[in-house]
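Secondary and tertiary structure notes
Single-letter residue listing:
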Amino acid sequence: MLGPLAARGVTAEPVVWDDPAVEWTAYDLAVLRSPWDYAPRRDEFVAWAQRVPNLANPADVVRWNTDKRYLDELSAAGVPTVPTAWVGPGESWEPSADSGEYVIKPAVSAGSQDTGRYDLADPEHRELAVAHVRRLSAAGRVTMVQPYLAAVDTAGETALLFLAGEQGLEFSHAIRKGPMLTGPDFGVDGLYRPEEITARTGTLEQLAVARKTLATVPGGPDRLLYARVDLIPGPDGQSILVELELTEPSLFLAHAAGAADRLAEAILTRLTRET
Ligand SMILES: Nc1ncnc2c1ncn2[C@@H]1O[C@H](COP(=O)(O)OP(=O)(O)O)[C@@H](O)[C@H]1O
Ligand SMILES: [Mg+2]
């Protein structure tokens, strides 16, 4: 990414969001890339974002997008989302009599951390699921319980990447991500989960769901430097939104010809507009 920026005369350097030595006002633009450690201290992260001049994506978008409760809003706007039960901190939860597979994850999360998959037909999994919700609740976190979308095991997850272009936010490329969840979560910290990524062509149906998703972003999609829409086929084969990533998306630039140049061009356009 630094190469395509340098080729356009843009000097860029990686800095860490919570490094107190960084002088944010010294930069014409700050681009969020991989602040993957914010989940346990999201309030601090959002407050930081609000202090940074010229942050991409903007701080109000970061605030809205770092809590997956935005999915309820999107669902109300007609975007196909996973049916989700929300468990607030301090609330108790019992698995239903149902025997299907479920996903338990925190509403504020990144990188599949603290995310587990449970087969409710298995008594041990039922106990582990209760323990997982209790662990998140005790940490003051909101928990999401969703049916496991089994099509991810075969079709994978499709991420559609959008970058700011001349016509506003434009589709750039797509990738396939293999399934991430193998079983229960045991609350072990910081385990990096390897991702299996391959290039993929987005279908017209997926692009339509992505466009509908992006239209719901507060302030509209054209303020965004980048966006990623993650879809998994539902039981009827139609795409379902799993996550809208506007804060810390891996952009998989190496998986598509020209993608890094497109992002560099988008950044250059921002800079010439700001200064
Ligand atoms: N309902 C679900 N069905 C199947 N897989 C899921 C479901 N929810 C999450 N996953 C898997 O867990 C991963 C991480 O969940 P996600 O909601 O994207 O949160 P994060 O912000 O941690 O990326 C996804 O990439 C997907 O592989
Ligand atoms: Mg994700």
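1. Description of the environment of Arg-262
By the element assignment, Arg-262 lies in helix H7 (residues 259-274). Overall, the relative accessible area of 33% leaves Arg-262 in the partly exposed class. For the pair formed by Arg-262 and Gly-165, sequence separation is 97 residues and the distance between their alpha carbons is 7.8 Å.

2. Some thoughts on the sheet that holds strand S6 (residues 143-147)
If you walk across this open sheet you meet the 4 strands as S3-S6-S4-S5, and the pairing is antiparallel. The open sheet is flanked by strand S3 (85-87) and strand S5 (116-119), the only strands paired with a single partner. Across the sheet, the mean angle separating the axes of adjacent strands is 25 degrees when strand polarity is ignored. With 4 bridges connecting them, strand S4 (residues 101-106) and S5 associate as antiparallel partners. For Tyr-102, the partnering residue across the bridge sits in S5 and is Tyr-118. Where helix H5 (residues 123-138) meets the sheet, it contacts S3, S4, S5 and S6, and its direction lies at approximately 145 degrees from that of S5.

3. Some points on the site of ligand 1
In the vicinity of ligand 1 lie 17 residues, with Lys-68, Lys-105, Ser-112, Glu-157 and Glu-243 positioned nearest. The backbone of Ser-112 places a nitrogen or oxygen atom 2.7 Å from an oxygen atom of ligand 1. A distance of 3.5 Å separates an oxygen atom of ligand 1 from a polar atom in the backbone of Met-180. Contributions of two or more residues to the shell around ligand 1 are made by S4, S6 and strand S11 (239-245). Of the residues that constitute the shell around ligand 1, the class distribution is 9 nonpolar, 4 polar and 4 charged. Counting residues domain by domain, the shell around ligand 1 receives three or more from each of domain 1 (2-79 + 151-274) and domain 2 (85-148).

4. Examining the side chain of Thr-143
Examined against the element boundaries, Thr-143 turns out to sit in strand S6. Beyond its immediate stretch of four places on either side in the chain, Thr-143 contacts Ala-85, Trp-86, Val-87, Ile-104, Lys-105, Val-133, Leu-136 and Ser-137.

5. Let's talk about the sheet that holds strand S9 (residues 197-200)
Read from one edge to the other, the open sheet built from 5 strands follows the order S9-S8-S7-S10-S11, with strand pairing classed as antiparallel. Both edges of this open sheet fall to S9 and S11, since each of them pairs with a single strand only. For this sheet the average axis-to-axis angle between neighbouring strands, irrespective of direction, equals 30 degrees. In this structure, strand S8 (residues 168-177) lies alongside S9, joined through 4 bridges in antiparallel fashion.

6. Describing H5
Given a rise of 1.5 Å per residue, 16 residues ought to cover 22 Å, and the 23 Å separating the end C-alpha atoms of H5 matches this to within 8%. Listing the buried residues of H5 in full gives His-125, Leu-128, Ala-129, Val-130, His-132, Val-133, Leu-136 and Ser-137. With a side-chain oxygen positioned 2.8 Å from the backbone nitrogen of Glu-124, the residue opening H5 is Asp-122. Where H5 terminates, the next one or two residues include Gly-140, which has phi positive at roughly 80 degrees.

7. A look at helix H6 (residues 204-214)
Among the residues of H6, those classed as buried are Gln-206, Leu-207, Val-209, Ala-210, Thr-213 and Leu-214. End-on view of H6: buried residues confined to an arc of 160 degrees, all on one side of the axis. Turning to H6, the residues buried within the fold contact helix H4 (70-76), strand S7 (157-165), S8, strand S10 (226-233) and S11.

8. Concerning the domain arrangement of the protein chain
The domain boundaries assigned to the protein chain delineate domain 1 (2-79 + 151-274) and domain 2 (85-148). Domain 1 puts 25 residues into the contact, and the matching count from domain 2 is 22 residues. Overall, the association of domain 1 and domain 2 removes approximately 2,000 Å² of surface from exposure, summing both partners, and the carbon and sulfur fraction of that is 54%. For the interface between domain 1 and domain 2, the tally reads 2 salt bridges.

9. So, the nonpolar core
The biggest cluster of nonpolar side chains holds 37 residues, and the ones touching the most others in it are Leu-32, Phe-45, Trp-48, Leu-55, Leu-225, Leu-263 and Ile-267. Mapped by element, the contributors of at least two residues to this core are helix H2 (42-51), strand S2 (55-56), helix H3 (59-65), S7 and H7. Ranked by residue count, the leading element in this core is H7, at 6 residues. Leave out the neighbours within four places in its chain, and Leu-225 touches Val-31, Ala-56, Asn-57, Phe-162, Leu-163, Ala-164, Leu-169, Leu-263, Ala-266, Ile-267 and Arg-270.

About the criteria used
- Residues numbered from 1 in each chain as written.
- Chains lettered and ligands numbered in written order.
- Predicted model: local features only at pLDDT ≥ 70, side-chain atom pairs only at ≥ 80, totals over all residues.
- Heavy atoms only, no water.
- Helix = DSSP H or I, 4+ residues; strand = E, 2+ residues; numbered from the N terminus.
- Buried < 20%, exposed > 50% of the residue type's maximum accessible area, 1.4 Å probe, protein only.
- Pairing = 2+ DSSP bridges.
- Axes fitted to C-alpha atoms, helices over the stretch in contact; angles between N-to-C directions.
- Contact = heavy atoms within 4.5 Å.
- Near = heavy atom within 4 Å.
- Polar contact = N/O pair within 3.5 Å; in protein donor to acceptor, adjacent residues only side chain to side chain.
- Nonpolar A, V, L, I, M, F, W, Y, C, P; charged D, E, K, R; others polar.
- Domains from an automatic or database assignment.
- Expected span 1.5 Å × (residues − 1).
- Arc of directions from axis to C-beta.
- Buried area = accessible area lost by both parts, 1.4 Å probe.
- Salt bridge = Lys/Arg side-chain N within 4 Å of Asp/Glu carboxyl O.
- Core = buried A, V, L, I, M, F, W, Y, C linked by side-chain atoms within 4.5 Å.

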